Amino acid sequence: MVFMLLVLRYLQCLLLMAKKTPSLAVGRGEKLPVSKGAGLTAKGRQKYNAATGSNLKAPQPEGGARKKSFCARMSGMPGPMKDEKGRPTRKAASLKRWACK
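Report follows, based on the coordinates.

The rules behind each value
Residues numbered from 1 in each chain as written. Predicted model: local features only at pLDDT ≥ 70, side-chain atom pairs only at ≥ 80, totals over all residues. Heavy atoms only, no water. Core = buried A, V, L, I, M, F, W, Y, C linked by side-chain atoms within 4.5 Å. Buried < 20%, exposed > 50% of the residue type's maximum accessible area, 1.4 Å probe, protein only. Contact = heavy atoms within 4.5 Å. Disulfide = S-S within 2.5 Å. Helix = DSSP H or I, 4+ residues; strand = E, 2+ residues; numbered from the N terminus. Salt bridge = Lys/Arg side-chain N within 4 Å of Asp/Glu carboxyl O.

Examining the nonpolar core
Item 1. F70, C71, L95, W98 and C100 form the largest nonpolar core, which has 5 residues in total.
Item 2. The contacts of F70, once residues within four sequence positions are left out, are S94, L95, W98 and C100.

A word on the state of the cysteines
Item 1. Counted according to the given criterion, the structure contains 1 disulfide.
Item 2. In this model C71 forms its disulfide with C100; the gap between the sulfur atoms is 1.9 Å. Residues C71 and C100 share a disulfide whose torsion about the S-S bond is about -80°; that sign makes it left-handed. Here C71, found in helix 3 (residues 65-75), pairs with C100, found in the segment after helix 4 (90-97); they are 29 residues apart in sequence, far enough to count as distant. Each member of the pair, C71 together with C100, is buried.

Re the pattern of salt bridges
Item 1. For the coordinates displayed, the defined rule picks out 3 salt bridges.
Item 2. The salt bridge partner of R87 is D83, with a shortest N-O separation of 3.0 Å.
Item 3. Residue class for D83 comes out partly exposed when judged on its relative accessible area of 21%.
Item 4. What emerges from the salt-bridge pattern is a single network uniting R28, E30 and K47.

This is the structure in structure tokens:
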């Protein structure tokens with residue numbers, strides 16, 4: 001009986017801690033298309049922050065610690081820089097928007 005109560009309490013805690021990821025779309029103005037540099041718009045960041053409790057900030061292409069960290073993480077991500085038709089992927093567009101080398 002006590003074990004079942006502990007398991008139930010544990011499951012309730014897991015449900016409270018689970019963050020819901022919102023659905024973001026280019027058509028609603030929450031994401032930029034690849035041709036405009038990819039990434040989230042201010043509206044998209046606001047929606048994501050409200051849904052998850054995060055604190056996403058705008059890109060920092062001029063420099064700083066956030067830029068170095070982003071470029072290091074994103075450059076190491078698997079995936080091509082161009083799709084099968086030769087167009088840049090979202091990865092390539094975001095690296096360009098952040099002015100990564």
